[in-house]
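Observations on chain architecture
Given next are the chains, with one letter for each unit.
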Amino acid sequence: QVQLVESGGGLVQAGGSLRLSCAASGIINNADDMGWYRQAPGKQRDLVARIRSTGVANYDDSMKGRVTISRENAKNTVYLQMNSLIPEDTAVYYCVLIRWGRPTYWGQGTQVTVSS
């Protein structure tokens, strides 16, 4: 089993920044990828960013250029730095551990609210 605990969400004005953190505990494999999804009210949960075990990152076009995903393997922690936030970024952000190409474990989510 793996537990994921997110932190760092909150209320921010448009144009501001937030840094989300996700601490993983349990049995983590070296080949596990990590990622961040988000879900706005009434919408589906979509991938924002993914970082592979090799450190290679991929981003969804919706936030590309405004977010950076990183990981500290020694701490089993993944981060999402979000800049130039807009109201449309308001959502619950979920940390996910991706094992064998599939989202396997989810965090409880952290709310990000961007005011105009």
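The structure contained in this document is the topic of the report that follows. In this text, all values refer to a predicted model and were calculated from it rather than measured experimentally.

Reading the values: rules and limits
Along every chain, residues carry numbers that run from 1 in the direction the sequence is written. The model is predicted, so local features are restricted to residues of pLDDT at least 70 and side-chain atom pairs to those at 80 or more, both for listing and for counting; the totals for chains, interfaces and linings are taken over all residues. To get the side-chain values, all heavy atoms of the structure are used, and hydrogens and water are removed first. Secondary structure elements are taken from DSSP: a helix is a run of H or I of four residues or more, a strand is a run of E of two residues or more, and numbering for both begins at the N terminus. Burial classification: accessible surface area is computed with a 1.4 Å probe over protein chains only, and a residue below 20% of its type maximum counts as buried, one above 50% as exposed, and the rest as partly exposed. Nitrogen and oxygen atoms within 3.5 Å of one another constitute a polar contact, given that in protein one can donate a hydrogen and the other can accept it, and given that sequence-neighbouring residues count only through two side-chain atoms. We call two residues contacting when some pair of their heavy atoms lies within 4.5 Å.

Concerning unusual backbone geometry
- Of note in this structure, Asn76 is not a glycine but carries a positive phi near 50°.
- Tracing the sequence through the fold places Asn76 in the loop between strand E7 (67–72) and strand E8 (77–82).
- For Asn76, a relative accessible area of 31% puts it in the partly exposed group.
- Positive phi is not limited to glycine here, since Trp100 has a value of about 55°.
- Secondary-structure assignment places Trp100 in the loop between strand E9 (91–99) and strand E10 (102–106).
- Among the residues examined, Trp100 registers a relative accessible area of 75% and is labelled exposed.

Here's the deal with the side chain of Thr110
- Relative to the elements of secondary structure, Thr110 occurs in strand E11 (residues 110–115).
- Note on Thr110: relative accessible area 12%, which makes it buried.
- Among the polar contacts made by the side chain of Thr110, one reaches the main-chain amide nitrogen of Gly9 at a distance of 3.3 Å.
- Setting aside residues up to four positions removed in sequence, Thr110 forms contacts with Glu6, Gly9, Leu20, Ala91, Val92 and Tyr93.

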